[in-house]
Amino acid sequence: MLFGISLTTLLNACSPVSVLNTLTSKNTFVKTVDIAYGDDPRQRLDVYVPASHPKEAPVVVFFYGGSWQTGKRSDYLFVGEALATKGIITVIADYRLAPQVTYPDFLTDCAGAVAWTFKNIASYGGNTGKIFVAGHSAGGYNAAMLAFDPRWLLPYGLAPDRFAGLIGLAAPVNFLPVTDEDIKPIFHFPDTPEDSMPINHVTGHEPPTLLIAAQNDRFVYPERNTETLAAKMRAAGDDVTVKIYDRVTHVTLIGAMAGPLRGLAPVLDDWSSFVLTH
């Protein structure tokens, strides 16, 4: 209990991700940084390979959140480390953000990172037949769009059915009409296209999907997003699993991947189990 109180105090006083990364082991993975998948400085990615150097390991391409306006891949070292402890290779990619770009440019970036992964990850020990796409918050939206809508991977000769699965954490998939003033210009409100929503691309041919949410999320409401998407996917015959936890928030949902916070919710166990069994 004393450790929990001191950690909470520390998180409140400092940058939460910097604290989590400082407390994260660096001995469980080998990290290759600053790999270009495009010409823009934001089109870079890092690869985390389990220190055990697994052969034909499953791969997760992870996109972080930040309302399509903030974020950097180095903040999510704790995610790469967590998955490495389960024998999973992780690719964490930056992508261009507003105001530099608006919808759909960040999706073309994410597609580029995925295409790089399919082309190159075997040289890191990854199995190109077991590549999953994942994301938290805005990154979960990005991941879902790549997994559901074939437009983004088509220029690379790829299709959503190449994914072994999708993992969406607190993913906003159903937010029309846009009401957040900061998000409106990013999605061209009031002319936001209907096909910008992942939920509008469910056909019954989606890859196996794990949707994770926080019951107490006040940024991305699980009822409107996670549960509504899951219901539509089930009705279409898709393979979808839902996990909703009651001891985490929008932010601590992804934070629970880090060692010091794993007691809040079994995010790592559920995520890795999904990857290792599909």
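Residues numbered from 1 in each chain as written. Predicted model: local features only at pLDDT ≥ 70, side-chain atom pairs only at ≥ 80, totals over all residues. Heavy atoms only, no water.

### Quick word on the overall build of the protein chain
And then number 1: Helices and strands together make up the secondary structure of the protein chain, namely eight helices and eight strands.
And then number 2: Over its C-alpha atoms, taken along the principal directions, the protein chain stretches across nearly 50 × 40 × 40 Å.
And then number 3: A total of 278 residues make up the protein chain; the buried ones form 55% of that total.
And then number 4: Carbon and sulfur atoms make up 54% of the accessible area of the protein chain, which totals about 11,600 Å².
And then number 5: The distance from the centre of the 21 positive side-chain charges to the centre of the 27 negative ones in the protein chain is 6 Å. (Helix = DSSP H or I, 4+ residues; strand = E, 2+ residues; numbered from the N terminus. Buried < 20%, exposed > 50% of the residue type's maximum accessible area, 1.4 Å probe, protein only. Areas by Shrake-Rupley, 256 points an atom, 1.4 Å probe, with all protein chains shown as cover. Lys, Arg positive; Asp, Glu negative; His and termini not counted. Charge placed at Lys NZ, Arg CZ, Asp CG, Glu CD.)

### Describing the pairing of strand β2 (residues 44-50)
And then number 1: For β2, a buried count of seven out of seven residues is recorded, marking the element as mostly surrounded by other parts of the structure.
And then number 2: Side-chain alternation along β2 places Arg44, Asp46, Tyr48 and Pro50 on one buried face and Leu45, Val47 and Val49 on a second face that is also buried.
And then number 3: Strand direction decides the pairing type here: strand β1 (residues 29-36) and β2, joined by six bridges, are antiparallel. Along β2, the bridge assignment pairs Thr32 with Val47. (Pairing = 2+ DSSP bridges.)

### Quick look at helix α6 (residues 223-236)
And then number 1: Along its 14 residues, α6 runs 19 Å from first to last C-alpha, staying within 8% of the 20 Å computed at 1.5 Å per residue.
And then number 2: Turning to α6, its buried residues are Asn225, Thr226, Leu229, Ala230 and Met233. Angular distribution of buried residues about the axis of α6 spans 105°; they occupy a single face of the element.
And then number 3: On its buried side, α6 packs onto α5 (138-148), β7 (209-214) and β8 (240-245). (Expected span 1.5 Å × (residues − 1). Arc of directions from axis to C-beta. Contact = heavy atoms within 4.5 Å.)

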